[in-house]
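# Topology and contacts: notes
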Amino acid sequence: MVPVLTRPSICRLILAPFAMTIARENTSRVVDGGKGRRKGKGKGKGKKGEQEKPAYIAWRVDWHFGHCGQVLTDKNLPEHEVVGRVLERFLNNSCAWGPTRHLLAPYVEHGADKLEVFLHQPRVKEPELPGQAESEEEPEAPEASEAPEFTEAPEAEVDTLSSAPWRLQPQAESESESESESEQSPGAQGQQQQPFVRLDKLRTLRENLMDRVVREFPVLHVALPQELSRFEAG
């Protein structure tokens, strides 16, 4: 039998230029798990009874509640948190930073079970095929007001079983700004609106970000039952 080779699932992370607000506000970071105590005999490196905990990503996550015009931000949300449980915090006033239930009356009325969470997917340019650049006409020189694009884009693919699951890809400032405008008001751009992906509320944030595209940090939109068609139209 011929073995089937499968690529590891990764999250494609696009980094904006640091001069942009979205880059400066990003508080996502990789947290070193460090050493933890456990019962029984110690195995592996470290002192007896200690073991190395795996590192994880603490994401900045923007939660958009469009019907109320509210954007709530988790500055350091561990990737192993279940999406549905995190959503419930906003509805039952269990957020660490203070009460939020009074801000989300329509969502509280429906309950977390009837709400859906969608991940915004930014537009990503596909890489050019070999010889494609020569066959196309030479593009016009950009105006002075336009921001230059990256000419070199270092990437790093990381196995999801070993460490942080992301692929780095810098993004031009001009493209990032246009996407940021559409991201703030879903549906307002009509056919130009970027697609959204429905997340599984029973899975962790890490699992939901596999094979997805994230620009700086996840932007999640919480949808009421009557709003589903707007996010699924894509």
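Residues numbered from 1 in each chain as written. Predicted model: local features only at pLDDT ≥ 70, side-chain atom pairs only at ≥ 80, totals over all residues. Heavy atoms only, no water.

With an unreviewed UniProt entry as reference, the chain is termed BCD1 alpha/beta domain-containing protein, source organism Effrenium voratum.

When helices and strands are tallied, the chain shows 7 helices and 11 strands. Classification of the 234 residues of the chain by burial places 41% in the buried group. For the chain, the proportion of contacts with a sequence separation of at least 24, taken over those separated by at least 6, is 69%. Surface exposure of the chain reaches about 14,800 Å², of which carbon and sulfur atoms provide 50%. (Helix = DSSP H or I, 4+ residues; strand = E, 2+ residues; numbered from the N terminus. Buried < 20%, exposed > 50% of the residue type's maximum accessible area, 1.4 Å probe, protein only. Contact = heavy atoms within 4.5 Å. Areas by Shrake-Rupley, 256 points an atom, 1.4 Å probe, with all protein chains shown as cover.)

Here the focus is unusual backbone geometry. A positive phi is found at aspartate 211, a non-glycine position, where the angle reads about 60 degrees. Tracing the chain through its elements places aspartate 211 in the loop between α6 (205-209) and β10 (213-215). Located in the positive-phi region is glutamate 216, a residue other than glycine, with phi close to 70 degrees. Relative to the elements of secondary structure, glutamate 216 occurs in the loop between β10 and β11 (219-223).

Counting buried residues along helix α2 (residues 83-91), 7 of its 9 residues qualify, which places the element largely inside the surrounding structure. For α2, every residue scored as buried is listed here: Val83, Gly84, Val86, Leu87, Arg89, Phe90 and Leu91.

It is worth spelling out the environment of histidine 120 at this point. Following the sequence through the fold, histidine 120 ends up in strand β7 (residues 116-120). On a C-alpha basis, the gap between histidine 120 and proline 218 in space is 7.5 Å, while along the polypeptide they are 98 residues apart.

Within the structure shown, the criterion is met by 6 aromatic pairs. When the centroid spacing of 5.0 Å and the interplanar angle of 85 degrees are considered together, the rings of phenylalanine 65 and tyrosine 107 count as edge-to-face. Remark: tyrosine 107 occurs in helix α3 (residues 105-110) and phenylalanine 65 occurs in strand β5 (residues 56-65); sequence separation between them is 42 residues. The burial state of phenylalanine 65 is the same as that of tyrosine 107; both residues are buried. Arranged with centres 5.1 Å apart and planes meeting at 80 degrees, the rings of phenylalanine 196 and phenylalanine 231 form a pair that is edge-to-face. You can see phenylalanine 196 sitting in strand β9 (residues 196-198) and its partner phenylalanine 231 sitting in helix α7 (residues 228-232), a full 35 residues away along the chain. For the pair phenylalanine 196 and phenylalanine 231, a shared accessibility class is recorded, and that class is buried. In this structure an aromatic cluster arises from ring pairing among Trp63, Phe65, Phe90, Trp97 and Tyr107. When the ring centre of phenylalanine 217 is taken as origin, the NZ or CZ atom of arginine 60, which lies over that ring, is 4.7 Å away. (Phe/Tyr/Trp six-rings, centres within 6.5 Å; stacked < 30°, edge-to-face > 60°. Lys NZ or Arg CZ within 6 Å of the ring centre and 35° of its normal.)

Looking at the secondary structure, you find histidine 102 in the loop between α2 and α3. Taking the relative accessible area as the measure of exposure, histidine 102 reaches 58% and is therefore exposed. Separated by 10 residues in sequence, histidine 102 and asparagine 92 place their C-alpha atoms 9.6 Å apart.

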